[in-house]
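Architecture and fold: a report
Each chain, written out:
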Amino acid sequence: MNTNLSDILADSPVIAAVKDEKGLTKALSCDCGIIFILYGNICNIGDIVEKVDRASKIAIVHADLVNGLSMKEVAVDYIRNSTKAKGIISTKPLLVKRAKELDLIAIQRTFVIDSIAYNNMMKQIREYEPDAIEILPGVMPSVTADVRKAVGIPIIASGLLRTKKDVVAALDAGADAVSTTADDLWSV
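Read on for a plain summary of the structure. (Residues numbered from 1 in each chain as written. Predicted model: local features only at pLDDT ≥ 70, side-chain atom pairs only at ≥ 80, totals over all residues. Heavy atoms only, no water.)

**Remarks on the nonpolar core**
Keep this limit in mind: We define the nonpolar core as a collection of buried residues of types Ala, Val, Leu, Ile, Met, Phe, Trp, Tyr and Cys that are connected through side-chain atoms lying within 4.5 Å of one another. Burial classes follow relative accessibility: with a 1.4 Å probe on protein chains only, a residue under 20% of its type's maximum area counts as buried, one over 50% as exposed, and anything between as partly exposed. Contact definition: two residues touch when any of their heavy atoms are within 4.5 Å.
Counting 50 residues, the largest nonpolar core has Ile 37, Val 61, Ile 88, Met 121 and Trp 186 as the members making the most contacts within it. Excluding residues that lie within four positions of it along the chain, Ile 37 makes contacts with Val 18, Ile 45, Ile 48, Val 49, Val 52, Ala 59, Ile 60, Val 61 and His 62. Listed in part, the 16 residues of the second largest apolar core include Ile 8, Ile 60, Ala 132 and Ile 156.

Printed below as a string of structure tokens:
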């Protein structure tokens, strides 16, 4: 899955991250090949993913943000069995591990706020082997460059990316892709 994900990110380095129906509608008509779904509940997540799938885009569900799901591995089973999502994002390493076991794209989301968080992230990458790491905030080119040197998996920079310059800086620093809810950046 990792090589495939790398190829997908190389073709579509800006990821549309959507947090509501309005954002989803815009994302379905943009050039982004991947959509991160940052909202929903157990009653409508299947329908949201179905819309993404019908638009021939890859749906990645942020498992932590689906209302009604627990933070246990069974949440990933539910996403796998009840939707057409191709993968999940989570801050919970055990959910990432379960996604890999179910052959879903597994993205570990990490907030790099200090050296302790950075070291924990590196430990989790070694232990759980996600397909990609999403680091927040994405406006830290020097940290992105350090992570790029340390890991061989795709890096997605996310959070606080507000301008084209931010996107370019993240990609130049070694990120394979950026994820943003700023729809004016989806066509960068």
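**Examining the pairing of strand β1 (residues 14-18)**
Filter applied, for reference: The helix count covers DSSP runs of H or I at least four residues long, the strand count covers runs of E at least two residues long, and both are numbered beginning at the N terminus. Whether two strands pair depends on DSSP finding at least two bridges between them. Crossover handedness is defined by viewing with both strands directed away from the observer: a clockwise path from the first strand over the helix to the second marks the crossover as right-handed.
Across the five residues of β1, five count as buried, placing the element largely inside the fold. Burial along β1 is two-sided: the residues Val 14, Ala 16 and Val 18 and Ile 15 and Ala 17 are all buried. Strand direction decides the pairing type here: β1 and strand β8 (residues 177-180), joined by three bridges, are parallel. The residue of β8 that forms the bridge with Ala 16 is Thr 180. With three bridges joining them, β1 and strand β2 (residues 34-37) adopt parallel strand pairing. Pairing of Val 18 across the sheet is with Ile 37, part of β2. Note that the unit made of β1, helix α2 (residues 21-28) and β2 has a crossover that is right-handed.

**Some words on the pattern of salt bridges**
As a reminder of what qualifies: Definition used for salt bridges: Asp or Glu carboxyl oxygen within 4 Å of a side-chain nitrogen of Lys or Arg.
Enumeration according to the criterion identifies 10 salt bridges in this entry. One salt bridge in this structure joins Lys 84 and Glu 50, with 3.4 Å as the shortest N-O distance. Taken together, the residues Lys 84 in the loop between α4 (74-82) and β4 (87-90) and Glu 50 in helix α3 (residues 45-54) connect sequence positions 34 residues apart. You can call Glu 50 partly exposed: its relative accessible area is 24%.

**Some words on helix α5 (residues 93-101)**
Here is the rule: The arc in question is formed by the directions pointing from the helix axis toward the C-beta atoms.
Within the span of α5, buried status applies to Pro 93, Leu 95, Val 96 and Ala 99. Looking straight down α5, one finds its buried side chains confined to an arc of 160°; they lie on one side. Buried residues belonging to α5 abut α4, β4, β5 (105-111) and α6 (115-128). Note on α5: the residue one or two positions beyond its end, Asp 103, has a positive phi of about 60°.

**Section: the sheet that holds β5**
The criterion, for reference: Whenever a helix is involved, its axis is fitted only over the stretch in contact; in every case the axis is a line through C-alpha atoms, and angles between N-to-C directions fall within 0 to 180 degrees.
Judged by pairing direction, the barrel is parallel, and its eight strands sit side by side in the order β1-β2-β3-β4-β5-β6-β7-β8 before closing back on the first. With strand direction ignored, the average angle separating the axes of adjacent strands in the sheet is 25°. Two elements, strand β7 (residues 155-158) and β8, share three bridges in a ladder whose sense is parallel. When the sheet's bridge partners are listed, Ser 158 is paired in β8 with Ser 179. Here α5 sits on the sheet and contacts β4 and β5; the angle it forms with β5, its principal contact strand, is near 165°. Across the sheet, helix α8 (residues 164-172) is in contact with β1, β7 and β8; its angle to β8 comes to roughly 145°.

**Some details on the side chain of Thr 83**
Here is the rule: The definition of a polar contact used here is a pair of N or O atoms within 3.5 Å, where within protein one atom must be able to donate a hydrogen and the other to accept one, and adjacent residues in sequence count solely through side-chain atom pairs.
Mapped onto the elements of the fold, Thr 83 is located in the loop between α4 and β4. Here the side chain of Thr 83 touches Ile 79 through a polar contact of 2.7 Å, landing on its backbone oxygen.

**Looking at the packing of α2 against α3**
The geometry of a pair of packed helices is captured by two quantities: the angle between their axes and the separation between those axes. Rules: Note on terminology: angles under 35 degrees are roughly parallel, angles over 145 are roughly antiparallel, angles of 65 to 115 are roughly perpendicular, and the others are oblique. Each crossing gets its handedness from the near helix: less than a right angle anticlockwise from the far helix is left-handed, clockwise is right-handed. Lys, Arg, Asp and Glu make up the charged group, whereas Ala, Val, Leu, Ile, Met, Phe, Trp, Tyr, Cys and Pro make up the nonpolar group; the residues left over, Gly among them, are polar.
Where α2 meets α3, the closest approach of the two axes is 10 Å, and the angle between their N-to-C directions is 15°. Relative to α3, the element α2 lies roughly parallel. At the point where α2 passes α3, the crossing takes the right-handed sense. Contact with α2, carried on its side by Glu 21, Leu 24 and Leu 28, involves Ile 48, Lys 51 and Val 52 of α3 and no other residues of that element. When grouped by side-chain class, the residues that make up the contact of α2 with α3 number four nonpolar, no polar and two charged.

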